[in-house]
Amino acid sequence: MAAVVEGLEPRAAAAAAEDAARDAVEAVDAGPGAPPLPVRGNRLSFDLYPGGCHRLLHLCAQQLPQLLQVEFLRLSTHEDPQLLEATLTRVPWCLPHLRSLVLKGGQCRDTLGACLQGTLTTLPAGLSGLAHLAHLDLSFNSLETLPGCVLQMRGLDALLLSHNHLSELPEALGALPSLTFLTVTHNCLQTLPTALGALSTLQRLDLSKNLLDTLPPEIGGLSSLSELNLASNRLQSLPASLAGLRSLRLLVLHSNLLASVPTGLARLPLLSRLDLRDNQLRDVPPELLDAPFVRLQGNPLGEALSDPLSPPGIPPVLEMPRLFLTSDLDSFPVTPQGCSVTLACGARLQFPSGATTTPITIRYRLLLPEPGLVPLGPHDALLSGVLELQPHGVAFQQDVGLWLLFVPPRARRCREVVVRTRTDNSWGDLETHLEEEAPTRLWAHCQVPHFSWFLVVSRPVSNACVVTPEGTLLCSSGHPGVKVTFPPGATEEPRRVSMQVVHMASRELRALLGEPEAAVSPLLCLSQSGPPSFLRPVTVQLPLPSGVTGLSLDRSCLHLLYWAPPVATWDDITAQVVLELTHLYARFQVTHFSWYWLWYTTKTCVGGLARKAWERLRLHRVNLIALQRRRDPEQVLLQCLPRNKVDATLQRLLERYRGPEPSDTVEMFEGEKFFAAFERGINVDADRPDCVEGRICFVFYSHLKNVKEVYVTTTLDREAQAVRGQVSFYRGTVPMQVPEEAEAARRRKVSDALWMATLPIKLPRLRGSEGQGRGPSLSLAPLNLGDAETGFLTQSNLLSVAGRLGPDWPAVALHLGMPYRELQRIRHEFRDDLDGQIRHMLFSWAERQAGQPGAVGLLVQALEQSDRQDVAEEVRAVLEIGRRKYQDGIRRIGLAPEDPALPGPSTPQSPEPGQA
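Residues numbered from 1 in each chain as written. Predicted model: local features only at pLDDT ≥ 70, side-chain atom pairs only at ≥ 80, totals over all residues. Heavy atoms only, no water.

A. Expanded view of the overall build of the chain. Within the chain one finds 15 helices and 50 strands. Residues counted as buried form 49% of the 916 residues belonging to the chain. When contacts within the chain are restricted to residue pairs at least 6 apart in sequence, those whose partners lie at least 24 apart make up 61%. Just so you have it, the chain exposes about 43,100 Å², and 52% of that area is on carbon and sulfur atoms. (Helix = DSSP H or I, 4+ residues; strand = E, 2+ residues; numbered from the N terminus. Buried < 20%, exposed > 50% of the residue type's maximum accessible area, 1.4 Å probe, protein only. Contact = heavy atoms within 4.5 Å. Areas by Shrake-Rupley, 256 points an atom, 1.4 Å probe, with all protein chains shown as cover.)

B. View of helix 14 (residues 855-865). Residues of helix 14 that are buried include every one of Ala855, Val856, Gly857, Leu859, Val860, Ala862 and Leu863, and no others. Asp867, located one to two residues past helix 14, shows a positive phi value of around 65°.

C. Representation of the packing of helix 6 (residues 506-513) against helix 7 (residues 606-618) in the model. Here helix 6 crosses helix 7 at 130°, and the two axes come no closer than 11 Å. Here helix 7 runs oblique to helix 6, going by the angle between their axes. As for the relative orientation of helix 6 and helix 7, their crossing is right-handed in sense. Residues Glu508, Leu509, Leu512 and Leu513 of helix 6 pack against Leu609, Lys612, Ala613 and Arg616 of helix 7. The residue inventory of the contact of helix 6 with helix 7, partitioned by class, reads five nonpolar, no polar and three charged. (Axes fitted to C-alpha atoms, helices over the stretch in contact; angles between N-to-C directions. Parallel < 35°, antiparallel > 145°, perpendicular 65-115°, else oblique. Left-handed = near helix turned anticlockwise from the far one by under 90°. Nonpolar A, V, L, I, M, F, W, Y, C, P; charged D, E, K, R; others polar.)

D. Summary view of the sheet that holds strand 42 (residues 672-679). Across the sheet, which stays open at both edges, the five strands sit in the order 44-45-42-47-48 with antiparallel pairing between neighbours. Each of the sheet's edge strands pairs with one partner strand only, and the pair in question is strand 44 (691-692) and strand 48 (755-763). (Pairing = 2+ DSSP bridges.)

E. Representation of the state of the cysteines. Scanning the entire structure with this criterion turns up one disulfide. Disulfide partner of Cys60: Cys94, at an S-S distance of 2.5 Å. Placement of Cys60 in helix 2 (residues 52-62) and of Cys94 in helix 3 (residues 81-94) is noted, with a sequence separation of 34 residues between them. Considered together, Cys60 and Cys94 belong to a single accessibility category, that of buried residues. (Disulfide = S-S within 2.5 Å.)

So, in structure tokens, the structure goes:
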């Protein structure tokens with residue numbers, strides 16, 4: 001297989017071809033008189049076994065109609081050259097609809113295990129007749145020149161030429177109008193054609209591991225290029241035209257002979273990674289020197305910077321200190337030298353040299369998202385917890401790099417991910433770049449001038465501009481038909497305006513209204529800074545509802561709706577404006593901004609229908625689950641899941657948990673509060689920060705886990721019989737007066753609007769010694785682990801932890817640092833008493849740790865390493881309660897000032913999209 005060079009990913013077409021190889025039919029030997037070979041689907045693979053050319057020729061001789069459906073073909077080039085040429089000559093006639101053709105060597109290896117290159121040295125001219133071919137892979141072959149037929153494949157999207165013997169590329173390569181991906185790694189290229197710059201659609205170019213010593217200036221014409229890999233060449237300089245690659249995000253130049261780089265690289269707007277390692281750099285623009293996305297190790301510049309005799313004006317150290325914080329640390333020092341910090345919660349910070357002029361201590365904490373703290377617009381989705389960095393408001397001399405980890409949302413069409421922060425009592429969105437760590441994990445990267453609260457949000461794509469007295473035009477990047485025209489004189493002072501566009505599927509609307517012809521335009525939100533109205537009318541253009549044209553519509557069915565928060569109603573303003581209709585668009589004029597929506601329906605009272613449709617846009621269909629741990633039924637997992645994630649989550653959990661089927665589907669808004677109440681003799685067995693009157697509080701966020709594990713207990717006699725209880729889920733916050741169970745059941749029978757679901761919980765009957773208390777008969781010395789300021793565990797807390805460990809206690813003991821010989825001794829002394837083994841292990845360790853700093857953190861870490869995250873979370877909850885009580889106590893007697901207030905109810909709860 002072709003090597004994947006660092007920093008570049010194969011295109012989707014290449015991935016499709018790889019999948020084709022796995023799924024293609026395994027052809028049987030096709031000698032004379034053999035039965036017809038089967039063709040399954042649209043894929044054929046003949047590269048896994050010898051004799052692939054014979055098999056393909058046999059298929060072509062059969063003239064099977066299924067061959068007309070084949071779009072993917074893989075063929076090994078470890079064949080006789082003449083047979084290979086004869087087979088490829090037949091391909092355009094047998095497989096005329098081919099979209100992906102993979103002709104690779106590399107399947108065979110020499111005595112040392114290295115991949116052998118195939119025998120392919122050219123291609124038949126007839127292959128240019130493959131009119132549908134979009135993906136061509138010729139890697140691991142013996143090509144010395146590019147076959148002429150390739151230059152005639154006008155529809156080619158991806159071309160892979162790695163591991164050949166190419167010494168040059170033809171000028172005609174620049175005539176491929178659709179090429180977006182080109183890789184020519186591990187060849188012998190010494191120069192590049194000037195026509196390469198004519199590939200205006202090229203997005204990824206990999207020329208690593210060649211013999212290039214210069215680049216043509218025309219390379220700056222690759223206007224769509226986002227990734228360029230030139231690693232491991234002989235480049236001594238770079239053309240200044242590289243600074244014109246405005247779409248470039250990744251530039252890999254390591255292992256060359258570069259002595260300098262163009263200054264303009266520092267001004268590329270989208271560049272998120274620049275790899276300059278292992279060159280001869282002695283002169284780097286200052287903007288690149290401190291940029292967190294630039295890698296400069298292995299350059300003479302680094303040696304000069306660490307030299308005490310280096311010239312004045314150059315920072316003294318290039319390699320900044322790196323800190324990795326564990327879960328028991330919530331602060332770290334930063335000096336003028338700068339540093340790179342990875343927090344225990346996964347976030348990363350990069351303080352460039354000179355960001356602060358004096359040493360400063362940075363504190364952080366990860367807060368659970370709450371509606372009063374998290375500001376979301378009506379169509380926003382939260383993707384992370386809330387990271388608070390202190391001290392607030394301290395301005396840095398240079399922006400600090402911040403990376404927040406999040407799980408990418410499934411739906412990305414017309415949406416974008418931003419980091420949201422609080423500045424001067426208002427929330428705003430920072431310019432954010434995304435960096436992929438894995439397909440399911442992304443970094444949101446931004447530069448911050450000071451510290452506050454930070455979170456990652458998915459929102460509809462926002463387009464903004466500054467309106468000057470001369471006027472301007474604002475267009476939507478996600479919906480090109482949406483435009484706003486500002487005439488000259490619309491404003492006296494420049495003001496910033498923004499727009500967001502939200503799409504609603506026609507099928508959802510028709511299902512809601514029960515009207516097959518009903519349709520709506522995209523929903524448009526306009527917002528601005530400055531005075532509420534414009535001096536002259538502004539023209540808004542919206543596409544007509546789907547399926548409706550200006551030539552055929554009934555104007556009496558067309559309605560322009562308007563919504564101005566915080567009012568809850570949509571108003572029909574069709575009679576108040578002049579609607580100018582074209583074949584595809586409607587235009588109207590306004591003097592102030594808000595939300596606008598075009599409807600086409602025969603219904604009346606359209607405003608009320610619009611409100612229901614708008615709510616449907618924001619609702620998520622979810623299911624509620626309640627599972628009990630198989631080896632500890634008192635441990636209950638509660639979770640609220642989007643409907644599309646239920647099956648995968650249950651499949652993962654049912655090895656360790658069991659329980660009833662998920663609840664029926666219910667609908668919830670992003671950020672909606674709800675709570676779980678245990679009923680019929682079952683109660684929560686812990687004092688938790690999220691527990692109010694025995695109810696567990698939740699806030700639903702569609703892209704977060706919404707999961708909590710709790711321990712339950714009962715006052716009923718479990719020795720006589722099992723306890724059959726239940727857990728019910730209700731909307732809203734826990735009421736001041738919690739109803740009795742009988743009253744709650746009666747309310748559900750009359751369809752209580754707050755009730756969502758009820759699931760059974762069963763605590764099995766206790767047998768034998770299981771019914772004995774966990775520790776009342778034990779004589780243990782009073783013991784507190786930790787301290788009051790950072791939180792401590794009492795003897796009762798440790799007994800509770802001991803009761804949860806079960807058979808996992810040896811793993812916890814080893815992670816606590818106890819020798820294996822001591823574990824054997826404990827097993828022998830308490831060989832018939834599992835609870836005694838656990839308690840003796842835990843308390844003997846705790847007694848040795850008494851008065852030692854960091855003991856509680858060590859216990860939490862050992863629990864996590866033993867895959868007992870549930871117990872670790874319970875310990876953290878106990879510590880948090882202890883810290884809060886301690887801080888409240890010292891405040892009451894005046895020994896400590898008040899903490900900085902969190903953003904309170906005065907914070908806008910739902911900023912209008914575009915203003916966030």
